[in-house]
Amino acid sequence: MKQIPPARESTEEPVCPFCGTAIDRPKEPETHRPGQMPVERCASCGAVYTYDVSGRNLGAAFVEALVFACNLDWDLAWSLLPEEDYLQQDVKKYDIETHRVVPGGFYQGRKISGALFFVRLQHDLQEVTQEGVKQKLERAAAVLLPPADQDTEEITYTKTEVEELVRAYQVDPILRAARHDKKTIRHLQRLLCSNDDLLRLRAAEILGRASAITAATEPKAAVALLQGLFYPFTYSNASSWGAIEAIGEIIANVPTLFAGYISQLYQFLEDEQLQPKVLWALSRIAMVRPDLVRRATTRVLPFTRSANPETRGYALWFLGNLGVPEARESLTLMEDINEEVNIYEDGQIVQKTLSQLIPEGLS
């Protein structure tokens, strides 16, 4: 009997769904916010598109594309109306490694689940935002692609190896392991109890990013992880350690799934010991989705007058991340705007003065 050759793994060139022009591979924006997606712009019609690796977070991809298309002006983005001010469309089964669309969903043994989400502003809006968008994309970097067959290779690390990787801030190997080995999450959780501030904060950040991987395939497990971090506070704050920082990182990385848990953080603001940690967590969320925590502005304002320097500083950091005028107003009322507070960013703890926490030009 004549053998039937295996089906050919067909691929297609990705094109803009609005104008049909071939598009470029998405890039990593210069600003690194938790959960931020790669982004690009159609050179022909100006549509902005984001890449969702799982293909399941299209709500978040839409927000990323819309806000970037508005040159990161959140207020403008949320004032626009679909169909009237912008059009939206998605392209599924996109593989960023080959920069091809794979209709069959599998390519060389890999499952292709990625998606591109497109937002095209109306012409008059593009005239206002496109120069800023172009400048930001000129500063964007190419996405670091994984080696061949990486997604199918099951990598595991012991708790000691995970700790060593976190200390060295080697994030990608941990995230690759988290795709296949559930123990990786437990190893990261263990580090939330470290007395080493930097190790604890790095573990919290990486746990947040790993939770996004878990949420894409096992959302129930991701929910259980977040609920478990809240659990100790049901009885006491004695075991808080890095749990609240991790809660903030998880919500920031998967806001579409966990936004409903933000209100639980607000109740911890009544505890003076937890206030700095909660304000820290809210600040990390504000860096990604300021719309989700903007209503907390009036609740946080009184903390800018706290006797605790950390509480005072993180309250100002939160307001600064929201970009609200109240941040500048609070700063003018402070006696020492050169007072320093520790801020965690890009895997390091850096000291910033209170005045440095407020974006330039905020009025």
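The sections below set out a description of the structure shown in this document.

The rules behind these values
- Residues numbered from 1 in each chain as written.
- Predicted model: local features only at pLDDT ≥ 70, side-chain atom pairs only at ≥ 80, totals over all residues.
- Heavy atoms only, no water.
- Core = buried A, V, L, I, M, F, W, Y, C linked by side-chain atoms within 4.5 Å.
- Buried < 20%, exposed > 50% of the residue type's maximum accessible area, 1.4 Å probe, protein only.
- Helix = DSSP H or I, 4+ residues; strand = E, 2+ residues; numbered from the N terminus.
- Contact = heavy atoms within 4.5 Å.
- Salt bridge = Lys/Arg side-chain N within 4 Å of Asp/Glu carboxyl O.

Grouped together as the largest cluster of nonpolar side chains are 74 residues, with contacts concentrated most on Val166, Ile251, Leu265, Val293 and Phe318. If one sorts the elements of this core by residue count, helix H7 (residues 197-217) sits on top with nine residues. The residues touching valine 166, leaving out its near neighbours within four places in the chain, are Ile174, Leu188, Leu191, Leu199, Arg202, Ala203 and Ile206. One finds Val48, Phe62, Val119 and Val133 within the second-largest nonpolar core, a separate group that totals 25 residues.

It is worth spelling out the pattern of salt bridges at this point. Tallied over the full model, the rule gives 16 salt bridges. In this structure, the salt-bridge partner of arginine 167 is aspartate 196, at a minimum N-O distance of 3.3 Å. Remark: aspartate 196 occurs in the loop between helix H6 (183-190) and H7 and arginine 167 occurs in helix H4 (residues 159-167); sequence separation between them is 29 residues. Between lysine 352 and glutamate 345 there is a salt bridge whose closest N-O contact spans 3.2 Å. Take lysine 352: its relative accessible area is 24%, and that puts it in the partly exposed class. Overall, the relative accessible area of 31% leaves glutamate 345 in the partly exposed class.

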